[in-house]
Amino acid sequence: MNESVFKAMSDGTRRKIIELLKEGPKTAGEIVNHFSHAQPTISRHLNVLKNANLVVDQREGTYIIYRLNTTILQEWLAWLLEHFGGDNDEKE
């Protein structure tokens, strides 16, 4: 599992961005509106998420639209469950 995914998911602001993008694609401005942070701070968080491939962006006219990369999220969750999900063989 890529270390950058763990780094990206270790921050509460980035986890909240992931939560927002679960609802659907959003522009940077729409994401910023949910935070008290300045726009450059949110942009840095979005770049960390992009570098971990958790978020993809696409230019649409003058806007950049951010979307979740659900494939990476599913792989990360599967890895977590495999390594930390508990041992089902210990049933009594």
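Whatever comes next refers back to the structure up there.
Residues numbered from 1 in each chain as written. Predicted model: local features only at pLDDT ≥ 70, side-chain atom pairs only at ≥ 80, totals over all residues. Heavy atoms only, no water.

A. The arrangement of the overall build of the chain in detail. Within the chain, the secondary structure is distributed over five helices and three strands. When its helices and strands are written in sequence order, the chain yields α-α-β-α-α-β-β-α. Projected onto its principal axes, the C-alpha coordinates of the chain cover approximately 60 × 25 × 25 Å. With 92 residues in all, the chain has 33% of them scored as buried. Counting contacts in the chain only where the partners sit at least 6 residues apart, residues at least 24 apart contribute 53% of the total. In the structure as shown, the chain presents an accessible area of about 6,200 Å², 47% of it carried by carbon and sulfur atoms. For the chain, the centre of its 11 positive side-chain charges and the centre of its 13 negative side-chain charges are spaced 12 Å apart. (Helix = DSSP H or I, 4+ residues; strand = E, 2+ residues; numbered from the N terminus. Buried < 20%, exposed > 50% of the residue type's maximum accessible area, 1.4 Å probe, protein only. Contact = heavy atoms within 4.5 Å. Areas by Shrake-Rupley, 256 points an atom, 1.4 Å probe, with all protein chains shown as cover. Lys, Arg positive; Asp, Glu negative; His and termini not counted. Charge placed at Lys NZ, Arg CZ, Asp CG, Glu CD.)

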